[in-house]
Amino acid sequence: MAKKVLVLGEVKDGDLRNVSYEVIAAGKQIADGGEVVGALFGENLKSHAEKMIHYGADRVVTAEKPELAQYTTDAYTQALLQVCDLESPESIIIGHTSSGKDLAPRAAAKLDAGLVSDAVDVVMENGKAVFTRPIYSGKAFEKKAIEEGIVFATVRPNNITPLDVDSSRSGDISSINVDIKDLRTTIKDVVKKTSGGVDLSEAKIIVAGGRGVKSAEGFKPLEELAEVLGAAVGASRGACDAEYCDYSLQIGQTGKVVTPDLYIAAGISGAIQHLAGMSNSKVIVAINKDPEAPIFEVADYGIVGDLFDVIPKLTEEFKKI
Ligand code: FAD
């Protein structure tokens, strides 16, 4: 039976994040011929709403308020609940991003809905949306369906392929005046620790360094390679704990979970807690001077060698392409 699916787009630093297109593709999958309604919160949303339509949303509802310009749990929960009240969707899909992870359980609880979090795939089976999600730090996958009530899910970035873009597609863009009140937190200012670069959680290529880089200076060759490849720089907790880089770069169980097309791990031993954040990457290249390092067990390609020899050579070769 055709269903109405609400998908929440995400705007960060003035750009619509890729995960916004991925939630549309997931929404189409479970709408079963029904309607996929995009939702966007923030300011100056018109061009982002049009993009969501080009990527397959049937129409988009926007809520523009200064209180929604930056994510806060309170304001976004209020906005989402009011959109749900207006639209009465049968399913809601949000990106499994840092804000999505925060918003979804709270909103699902308020709606008395079941939540499947961190899905990497979804298909319709016997009229039900069946989500696949990793468990045991990515060592196994389980399938989950919500038996009754609203189907609420978050999808991990970089796993569901967006639909083909069609810039001739049109759809209704409506704006609703949400009532945001009694906020317990407001954001006065955002001071970024890391500057520019590719967003780690959505990056297609990641060059990650571990304790083997030996110093903050040791990250330089990795940054140069990342620049040539258009990649984001990541790190193990070992490197963060040693103060070679900021914790915002940490990948793993207690850091970011990433699924790039290519993950280059340099000077990272491959502890289970690190693998939890990157082992589902499509192609893993490990560079380590210890041939027994556990990272080689998950690597598709392994280079046994000193990263300070190997990385500059890779950079030079990629520059020629
Ligand atoms: P090490 O294990 O010290 O490995 C360094 C590697 O570099 C070695 O394999 C060495 O052979 C190699 N090397 C050294 N010099 C060179 C060189 N010149 N060229 C090439 N290779 C070289 N870790 C995470 O990463 N993410 C997490 O989210 C995370 N969460 C955790 C949560 C908990 C509850 C706990 C207990 C631990 C967690 N850890 C996490 C820590 C994890 O257990 C490891 O300690 C950490 O991942 C090790 O980092 P590393 O691989 O950089 O360092």
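Our structure's up above, just so we're on the same page.
Here goes a summary of the coordinates provided. As the structure is a prediction and not an experimental result, all values here were calculated from the model.

A look at the site of the ligand
The environment of the ligand is made up of 26 residues, and the closest members are Arg211, Ser236, Thr254, Ser269 and Asn288. Put simply, the ligand lies in the second largest pocket. Listing elements by their share of the shell around the ligand, those giving two or more residues are α6 (237-241), α7 (272-278) and α9 (307-320). Taken together, the residues of the shell around the ligand sort by class into five nonpolar, 15 polar and six charged.

Re the layout of surface pockets
Looking at the second largest pocket, its volume works out to about 490 Å³. Forming the walls of the second largest pocket are 27 residues, and the residues nearest its centre are Arg211, Ser236, Gly238, Ile268 and Ser269. Ranked by residue count, the leading element in the lining of the second largest pocket is α6, at three residues. Per-class residue counts for the lining of the second largest pocket are six nonpolar, 15 polar and six charged.

Quick word on the sheet that holds strand β9 (residues 128-135)
Sheet architecture is open: three strands sit in the order β8-β9-β10, paired in antiparallel fashion. Every other strand in the sheet has two partners, leaving β8 (121-125) and β10 (140-145) as the edge strands with one partner each. Averaged over all pairs of adjacent strands, the angle between strand axes in this sheet comes to 30°, irrespective of strand direction. The sheet contact formed by β8 and β9 spans five bridges and is antiparallel. Across the sheet, residue Met124 finds its bridge partner in β9, namely Ala129. Against the sheet, helix α1 (residues 19-31) makes contact with β8 and β9, and its axis sits at roughly 10° relative to β8, the strand it touches most.

Scoring rules and cut-offs
- Positions within a chain are numbered from 1, following the residues in the order the chain's sequence is written.
- Only residues with pLDDT of at least 70 get local features here, since the model is predicted, and only at 80 or more are side-chain atom pairs given and counted; chain-wide, interface and lining totals rely on the full set of residues.
- Only hydrogens and water are set aside; all other atoms, that is, all heavy atoms of the structure, feed into the side-chain values.
- Proximity is defined per residue: any heavy atom of the residue falling within 4 Å of a molecule or strand makes that residue near it.
- Cavities and pockets were defined on a 1 Å grid built over protein atoms only: a cavity is a set of grid points that admits a 1.4 Å probe from which the probe cannot escape, a pocket is an open set flanked by protein on both sides within 12 Å along at least five of seven lines, and lining residues are those with an atom within 4 Å of any such point.
- Should more than half of a molecule's atoms lie within 2 Å of a pocket's or cavity's grid points, that molecule is taken to sit in it.
- Helix and strand definitions here come from DSSP, where helices need a minimum of 4 consecutive H or I residues and strands a minimum of 2 consecutive E residues; each element is numbered from the N-terminal end.
- Residue type decides the class: Asp, Glu, Lys and Arg count as charged, Ala, Val, Leu, Ile, Met, Phe, Trp, Tyr, Cys and Pro as nonpolar, and the leftover types, Gly among them, as polar.
- Grid points are joined across faces, edges and corners, and a volume is the space filled by probe spheres set on the points.
- When DSSP locates at least two bridges between a pair of strands, those strands are taken to pair.
- Simply put, an axis is a line fit to the C-alpha atoms, just over the touching stretch for a helix, and the angle between two N-to-C directions goes from 0 to 180 degrees.
- By definition in these notes, contact holds between two residues if any of their heavy atoms fall within 4.5 Å.

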